[in-house]
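Given next are the chains, with one letter for each unit.
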Amino acid sequence: MSDTPLLVFGPRSLEYDFGPTHPLTPRRFGPGIDLLQAIGAEPGLAPEPATDDELLTGHTARYLEVVKRFSEHGHGWMDAEAGIGEGGDDPPFVGMHDAAAAVAGGSLRAMEAILRGDVTHAFHPGGGLHHAMRSRASGFCIYNDPALAIALARRAGKRVLYVDLDVHHGDGVEAIHAADPGVLTVSFHESGRYLFPGTGFVDEVGEGAAAGTVVNVPLPPDTGDGAWLDAVTSLLPELAAEFRPDLVVSQHGADSHLWDPLAHLRNTVNAMGAAARLVHDLAHEHAGGRWLATGGGGYDVYRVVPRTWSLVWLAAAHRDVPSQTPEAWRERWADEAGRYDQAPLPTTFDDPPTPTEPATARAIEQTVDEVRAVVLPLLRAAMARG
């Protein structure tokens with residue numbers, strides 16, 4: 001079994017492209033993969049499209065037909081359907097089906113490598129498309145690769161802990177697995193009162209026999225990195241200890257950062273890196289190290305996304321974080337970053353901490369206490385039922 005994390009990236013990673021003005025841009029792979037290679041990572045798995053049968057483990061046949069129709073014609077000729085349409089979050093483009101299926105295929109093949117025992121850790125930075133629902137696209141996501149990878153692990157009999165650290169609620173993964181007591185989904189996100197998708201509240205706890213296996217921690221704007229990390233480190237180990245997963249899947253969206261243009265949590269890469277190391281440690285403590293990490297959101301393509309991806313990989317590789325970002329990397333991407341108003345590039349892998357107002361900190365502590373009071377008794381009951 002390899003102790004080096006499997007890095008998922010290849011030419012097809014660049015094909016998931018909604019167009020030059022869309023926030024989720026394949027430009028992120030330039031500085032992102034370049035920085036990963038500068039710290040010692042090398043791609044080991046190039047994504048290829050998942051089969052229809054694999055996609056049907058999380059999506060409906062009707063939805064696949066809709067995606068394929070849009071995929072043939074691209075922009076400008078069909079009315080919006082199933083969340084796909086001009087002017088929305090998920091505009092159609094030629095080749096959409098294969099591009100989205102390749103994202104799913106990357107996470108599925110990585111999961112297979114973990115289940116075979118080839119690797120303990122895998123990281124798919126282009127994955128993490130957590131908003132896609134069974135029968136519709138949502139929030140830049142066509143096929144839900146984390147949910148599909150979880151479904152694969154469930155067919156192998158594994159109990160799965162899913163941790164979503166994106167600034168947006170991991171609603172698609174939650175919805176697809178809300179009735180499965182063998183999947184515990186935990187999402188830390190900016191409250192739906194202020195941010196897309198408008199869901200992810202404490203009272204969303206799962207369905208039927210799976211009540212207690214959906215956990216949501218909605219956080220207010222201006223949370224700050226210390227309060228965010230406190231919420232994660234307070235709840236996640238306790239939940240993992242109760243659930244005792246066989247495998248961990250995580251989503252490490254970089255869009256909770258202070259500089260991200262689409263949200264307001266004011267996080268730092270310091271907190272993101274610490275959270276990734278916590279997820280890593282919990283995978284070793286409870287799941288034999290089996291851990292699939294995915295990327296997700298992040299729209300400060302040059303200053304934030306590359307460092308966030310690198311911190312996840314460094315956690316999986318059991319390596320210390322360098323103090324400085326490589327000078328050659330900064331020089332290579334400085335002009336392009338400047339053209340997109342994301343300059344200068346950071347010289348360090350950390351950020352100055354972002355403070356939390358006392359009233360905000362108290363509100364977050366109350367939310368964490370409420371989550372604990374609502375969810376833990378239900379989770380314990382579900383575990384007692386086997």
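Here, every reference points to the structure presented above.
As the structure is a prediction and not an experimental result, all values here were calculated from the model.

What counts, and where the lines are drawn
Residues numbered from 1 in each chain as written. Predicted model: local features only at pLDDT ≥ 70, side-chain atom pairs only at ≥ 80, totals over all residues. Heavy atoms only, no water. Helix = DSSP H or I, 4+ residues; strand = E, 2+ residues; numbered from the N terminus. Buried < 20%, exposed > 50% of the residue type's maximum accessible area, 1.4 Å probe, protein only. Contact = heavy atoms within 4.5 Å. Areas by Shrake-Rupley, 256 points an atom, 1.4 Å probe, with all protein chains shown as cover. Phe/Tyr/Trp six-rings, centres within 6.5 Å; stacked < 30°, edge-to-face > 60°. Lys NZ or Arg CZ within 6 Å of the ring centre and 35° of its normal. Salt bridge = Lys/Arg side-chain N within 4 Å of Asp/Glu carboxyl O. 1 Å grid on protein atoms, 1.4 Å probe; cavity = no way out; pocket = protein on both sides within 12 Å on 5 of 7 lines; lining within 4 Å. Points joined across faces, edges and corners; volume = space filled by probe spheres on them. Nonpolar A, V, L, I, M, F, W, Y, C, P; charged D, E, K, R; others polar.

Visitor: What exactly am I supposed to notice about the overall build of the protein here?
Guide: Summing up its helical and strand segments, the protein has eleven helices and eight strands in all. By its C-alpha atoms, the protein is 55 × 50 × 45 Å across when sized along the principal axes. The proportion of buried residues among the 386 residues of the protein is 59%. Of the contacts formed within the protein by residues at least 6 apart in sequence, a portion of 78% connects residues at least 24 apart. A total accessible area of about 14100 Å² is found for the protein, and carbon and sulfur atoms account for 51% of it.

Visitor: Looking at this structure, I do not really get the packing of aromatic side chains. What am I missing?
Guide: Aromatic ring pairs are described here by two measures, namely the spacing of the ring centres and the angle between the planes. Taken as a whole and judged by the stated rule, the model has eight aromatic pairs. Seen in terms of ring centroids, tyrosine 16 and phenylalanine 93 are 6.4 Å apart; in terms of plane orientation they differ by 90°. Their pairing is edge-to-face. Highlighted residues: tyrosine 16 in the loop between strand E1 (6–8) and helix H1 (29–38) and phenylalanine 93 in the loop between helix H3 (61–73) and helix H4 (96–116), separated in sequence by 77 residues. For tyrosine 16, a relative accessible area of 5% gives the class buried. Aromatic pair phenylalanine 140 and tyrosine 299: ring centres 5.8 Å apart, planes at 85°, arrangement edge-to-face. Here the residue phenylalanine 140 occupies a position in the loop between strand E3 (121–124) and helix H5 (145–155), and tyrosine 299 occupies one in the loop between strand E8 (291–294) and helix H9 (305–316), the gap between them amounting to 159 residues. Classification of phenylalanine 140 as buried rests on a relative accessible area of 11%. The ring of tyrosine 340 has arginine 27 lying over it, and the distance from NZ or CZ to the ring centre is 3.6 Å. If you follow arginine 303 out to its NZ or CZ, it ends over the ring of tryptophan 259, 4.5 Å from the centre.

Visitor: Help me understand the pattern of salt bridges in this model?
Guide: Side chains that differ in sign of charge can pair as their charged atoms come close. Overall, the coordinates contain 18 salt bridges when judged by the stated rule. Residue arginine 116 pairs with aspartate 118 through a salt bridge whose shortest N-O separation is 2.7 Å. A relative accessible area of 37% places aspartate 118 in the partly exposed class. In the salt-bridge network here, residues are joined through shared partners; they are Arg62, Glu65, Arg69 and Glu81.

Visitor: How should the layout of surface pockets be read in this particular structure?
Guide: Any space left empty among the atoms is revealed by the rolling of a water-sized probe across them. Taken as a whole, the largest pocket holds about 240 Å³ of empty space. Counting only elements with at least two residues in the lining of the largest pocket, the list comes to strand E6 (214–219) and helix H11 (358–384). If one sorts the elements of the lining of the largest pocket by residue count, H11 sits on top with four residues. In terms of residue class, the lining of the largest pocket is made up of eight nonpolar, two polar and three charged.

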